[in-house]
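# Fold and geometry: a report
Spelled out, the chains give:
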Amino acid sequence: MKAIFIETSFSDKQPENQLFGHLTPRLLMVELNKLSKLAGATALQKVAIVITHMKAWDQEEQYLVNELKRVNTAGLRLVFPEQGKLLEF
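Now for a quick tour of the structure. All residue numbers refer to position in the chain's written sequence, counted from 1. Under the rules for a predicted model, residues below a pLDDT of 70 receive no local features and side-chain atom pairs below 80 are neither given nor counted, while totals for whole chains, interfaces and linings still include all residues. Hydrogens and water are ignored here; the side-chain numbers use all heavy atoms of the structure.

## Topic: the overall build of the protein
Selection criterion: We count a stretch as a helix when DSSP gives it H or I for four or more residues in a row; a strand needs E for two or more, and each element gets its number in order from the N terminus. For the radius of gyration, the atoms used are the C-alpha atoms, and the globule rule reads 2.2 Å times the number of residues raised to 0.38. Contact between two residues is taken to exist if any of their heavy atoms lie within 4.5 Å; hydrogens are not considered. All accessibility values rest on the Shrake-Rupley procedure with a 1.4 Å probe; residue burial counts only the protein chains present in the view. When charges are tallied, Lys and Arg are placed among the positive residues and Asp and Glu among the negative ones, while His and the ends of the chain are skipped. By convention, charge coordinates are those of NZ in Lys, CZ in Arg, CG in Asp, or CD in Glu.
Helix and strand counts for the protein stand at two helices and three strands. For the protein, the succession of helices and strands along the chain, N to C, is β-α-β-α-β. By the compact-globule yardstick of 12 Å for 89 residues, the protein fits well, its C-alpha radius of gyration being 13 Å. Considering only contacts within the protein whose residues lie at least 6 apart along the sequence, 64% involve residues at least 24 apart. When the accessible surface of the protein is totalled, it reaches about 6,000 Å², and 53% of it is carbon and sulfur. Considering the protein, the positive charge centre built from 11 side chains and the negative charge centre built from 10 side chains are found 8 Å apart.

## A word on helix α1 (residues 25-39)
To be explicit about the condition: The length a helix should cover is 1.5 Å for every residue beyond the first. For every residue, the accessible area obtained with a 1.4 Å probe (protein chains only) is divided by the maximum for its type, and the residue is called buried under 20%, exposed over 50%, and partly exposed between those limits.
A rise of 1.5 Å per residue sets the reference length of α1, with its 15 residues, at 21 Å; its end C-alpha atoms lie 21 Å apart and thus fit the reference within 8%. Every buried residue belonging to α1 is among Pro25, Leu27, Leu28, Met29, Leu32 and Ser36, and all of these are buried. Looking at the buried residues of α1, the elements they touch are β1 (3-7), β2 (48-52), α2 (58-71) and β3 (77-79). At the exit of α1 stands Gly40, carrying a positive phi of roughly 115°.

## Things to note about the pairing of β1
Applied cut-off: Here, strands pair whenever DSSP counts at least two bridges between them. Orient the strands so they point away from the viewer; a crossover is then right-handed if the path from the first strand over the helix to the second runs clockwise.
Most of β1 sits out of view: four of its five residues are buried. Bridge analysis of β1 against β2 gives five bridges, and the strand direction is parallel. The residue bridging Ile4 from the neighbouring strand is Ile49, located in β2. Regarding topology, α1 serves as the crossover connection from β1 to the parallel β2, and that connection is right-handed.

## Topic: the pattern of salt bridges
Operational definition: Whenever Lys or Arg places a side-chain nitrogen within 4 Å of a carboxyl oxygen from Asp or Glu, that contact is recorded as a salt bridge.
Scanning the model with the defined rule gives five salt bridges in all. Of the charged contacts in the structure, one is a salt bridge between Glu82 and Lys85, with a shortest N-O distance of 3.6 Å.

## A short note on the nonpolar core
To be explicit about the condition: Only buried residues count toward a nonpolar core, which is a set of Ala, Val, Leu, Ile, Met, Phe, Trp, Tyr and Cys residues joined through side-chain atoms within 4.5 Å.
Formed by 18 residues in total, the largest nonpolar core has its most connected members in Leu28, Leu32 and Ile49. Residue assignment for this core shows that the elements contributing at least two residues are β1, α1, β2 and α2. Looking at this core, the element that brings in the most residues is α1, giving four residues. Ignoring anything within four residues of it in the chain, the contact list for Leu28 reads Ile6, Thr8, Leu23, Ile51 and Leu68.

## Brief notes about the packing of aromatic side chains
Two numbers describe a pair of aromatic rings. These are the distance of the centres and the angle of the planes. To be explicit about the condition: Side-chain rings of Phe, Tyr and Trp (the six-membered ring for Trp) are treated as a pair once their centres are within 6.5 Å; stacked means planes under 30 degrees apart, edge-to-face means over 60, and tilted covers the remaining angles. Two thresholds decide whether a charge sits over a ring: the Lys NZ or Arg CZ must be within 6 Å of the ring centre and within 35 degrees of the ring normal.
Summed over the entire model, instances satisfying the criterion amount to one aromatic pair. Measuring from ring centre to ring centre gives 6.2 Å for Phe5 and Phe89, while their planes differ by 90°; the resulting arrangement is edge-to-face. Of this pair, Phe5 sits in strand β1 while Phe89 sits in the segment after β3, and the two are 84 residues apart along the sequence. On the basis of relative accessible area, Phe89 is assigned to the partly exposed category, the value being 37%. In this arrangement the basic side chain of Lys13 is found over the ring face of Tyr63, its NZ or CZ atom lying 4.3 Å from the centre.

Structure (structure tokens):
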């Protein structure tokens, strides 16, 4: 596997009762930690984690990106796609 595409729609400021099934940076890392335990401690280090479906614009988008980078204590390769730019893995 070369990449995982996963949504992280809201920042951690969003109350959990208003997420409607979407992830925040904290919840994303909880899920990736579970996957890491199943796949092996270093397995996710080799996989690009492509963040999709961000429901943030302008400064809020940068806030969300910064939050994702801050909670990425495992050093995963987070990818933030840009419209019109090719992704290669």
